[in-house]
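Read off the chains here:
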Amino acid sequence: SLSSANLYNSQTPPTRPYVIPFNQDRDAVCNACIELLKHLWPLLQNAFNLFKSDEKKVEKLCRLLKYSIKTTRTAFAPLLNDLLQIIISSFQSQRHSSFPYLVSICVDHFGYDQQYHALFGNVLQVLASTVCASLTTIEIHTQQHDLVEDFFEMTHRYLLQCPSVLLNSSSLQQIIECGIIGLHIPQREASSAVMQFFSSLIAHGID
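Residues numbered from 1 in each chain as written. Predicted model: local features only at pLDDT ≥ 70, side-chain atom pairs only at ≥ 80, totals over all residues. Heavy atoms only, no water.

Enquirer: Looking at this structure, I do not really get the overall build of the chain. What am I missing?
Expert: When you go through the chain residue by residue, the secondary structure sums to eleven helices and zero strands. Each helix (α) and strand (β) of the chain, taken in turn from the N terminus, gives the series α-α-α-α-α-α-α-α-α-α-α. Long-range contacts, defined as pairs at least 24 residues apart, comprise 73% of the intrachain contacts of the chain with a sequence gap of at least 6. Carbon and sulfur atoms make up 51% of the accessible area of the chain, which totals about 10,700 Å². (Helix = DSSP H or I, 4+ residues; strand = E, 2+ residues; numbered from the N terminus. Contact = heavy atoms within 4.5 Å. Areas by Shrake-Rupley, 256 points an atom, 1.4 Å probe, with all protein chains shown as cover.)

Written out as structure tokens, the structure reads:
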């Protein structure tokens, strides 16, 4: 098909068989998975570009990367910067809720490490400015409740794993103002995410 053909370009490496040694130790499995991901990375980048307007396909791509990170854990580090750059560029044109959700997974696994704080700070600033500029009324919050839920769940993960990144961010006031509007959102999951963010923020203020 045209879509399948467009996934491949001159920079896409030729496919070759990979065997994931699941009967071996964890390090061997992680290394094999990372080698496979590196090999497929140009294909994944092309897929994000090609399907960026298709929310369902983007969700599946993000789910693939979520499980990749959960499987490989810190071994995913060499690909972290490239992944976050994809999220930044993609989210600015298409505000799919899968992107802040995937950032949450990254923060869970790498937020404790200070060497990534500047990178996570940049991601937070871009996502927050994009989200807060669009979620300006309770009606918009209600219509985009999945985005509200995943964005404020992401900010909560920041407060859990790397609180200084969010607390020192120039976007904090913007996020708080956006969250105040979202306090009145009728969807339970989205409302819970907003309340969780404010609860964690207040707890840090008390500490």
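Enquirer: Teacher, can you tell me more about the nonpolar core here?
Expert: A general tendency of soluble globular proteins is for nonpolar side chains to be buried together. Ranked by size, the top nonpolar core spans 61 residues in total, and within it Phe-120 and Tyr-158 carry the most contacts. Ignoring sequence-local partners within four residues, the contact set of Tyr-158 consists of Val-103, Val-107, Phe-120, Val-123, Leu-124, Pro-163, Val-165 and Leu-166. (Core = buried A, V, L, I, M, F, W, Y, C linked by side-chain atoms within 4.5 Å. Buried < 20%, exposed > 50% of the residue type's maximum accessible area, 1.4 Å probe, protein only.)

Enquirer: I keep staring at the layout of surface pockets and nothing clicks. Help me out?
Expert: Over the atoms, a rolling probe the size of a water molecule traces out where space has been left empty. Put simply, the largest pocket is a space of about 290 Å³. As for the largest pocket, its lining consists of Glu-55, Lys-56, Glu-59, Cys-62, Arg-63, Lys-66, Ser-97, Ser-98, Tyr-101, Asp-146 and Asp-150. Of all the secondary structure elements, the ones that give two or more residues to the lining of the largest pocket are helix 3 (55-72), helix 5 (98-110) and helix 8 (145-161). Tallying contributions element by element places helix 3 first for the lining of the largest pocket, with six residues. Split into classes, the residues belonging to the lining of the largest pocket amount to two nonpolar, two polar and seven charged. (1 Å grid on protein atoms, 1.4 Å probe; cavity = no way out; pocket = protein on both sides within 12 Å on 5 of 7 lines; lining within 4 Å. Points joined across faces, edges and corners; volume = space filled by probe spheres on them. Nonpolar A, V, L, I, M, F, W, Y, C, P; charged D, E, K, R; others polar.)

Enquirer: What should I look at first to understand helix 3 in this one?
Expert: In an α-helix there are 3.6 residues to a turn, and that puts residues three or four apart on one side. For helix 3, which comprises 18 residues, the first-to-last C-alpha distance of 26 Å matches the rise-based estimate of 26 Å (1.5 Å per residue) to within 8%. Elements that come into contact with the buried residues of helix 3 comprise helix 2 (26-50), helix 4 (77-93) and helix 5. The N-capping residue of helix 3, defined by a side-chain oxygen 3.2 Å from the backbone nitrogen of Lys-56, is Asp-54. Of the residues trailing helix 3, Arg-73 is marked for its positive phi of about 55°. (Expected span 1.5 Å × (residues − 1). Polar contact = N/O pair within 3.5 Å; in protein donor to acceptor, adjacent residues only side chain to side chain.)

Enquirer: I'm lost on the packing of helix 6 (residues 117-134) against helix 10 (residues 172-182) in this one. Help?
Expert: Packed helix pairs are characterised by how far apart their axes lie and by the angle those axes make with each other. It is the contact of helix 6 with helix 10, at a shortest axis distance of 10 Å, that shows an interaxial angle of 35°. At the point where helix 6 passes helix 10, the crossing takes the left-handed sense. On helix 10, the residues that touch Leu-124, Ala-128, Ser-129 and Cys-132 of helix 6 are Gln-174, Ile-175 and Cys-178. Looking at side-chain class alone, the contact of helix 6 with helix 10 contains five nonpolar, two polar and no charged residues. (Axes fitted to C-alpha atoms, helices over the stretch in contact; angles between N-to-C directions. Left-handed = near helix turned anticlockwise from the far one by under 90°.)

Enquirer: Would you take a moment to explain the packing of aromatic side chains for this structure?
Expert: Two measures describe an aromatic ring pair: the distance that separates the ring centres and the angle between the ring planes. Under the definition given, this model contains eight aromatic pairs. Pairing Phe-48 with Phe-99 gives two aromatic rings, centres 6.2 Å apart and planes at 40°, and the pair type is tilted. Here the residue Phe-48 occupies a position in helix 2, and Phe-99 occupies one in helix 5, the gap between them amounting to 51 residues. Like Phe-48, the residue Phe-99 is buried in the burial classification. Ring plane angle 85° and centroid distance 5.2 Å describe the contact between Phe-151 and Phe-152, whose orientation is recorded as edge-to-face. With respect to burial, Phe-151 and Phe-152 carry one shared label: buried. Members of the aromatic cluster, connected to one another through ring pairs, are Phe-151, Phe-152, Phe-197 and Phe-198. Sitting over the face of the ring of Phe-51, Lys-57 holds its NZ or CZ atom 5.5 Å from the ring centroid. (Phe/Tyr/Trp six-rings, centres within 6.5 Å; stacked < 30°, edge-to-face > 60°. Lys NZ or Arg CZ within 6 Å of the ring centre and 35° of its normal.)

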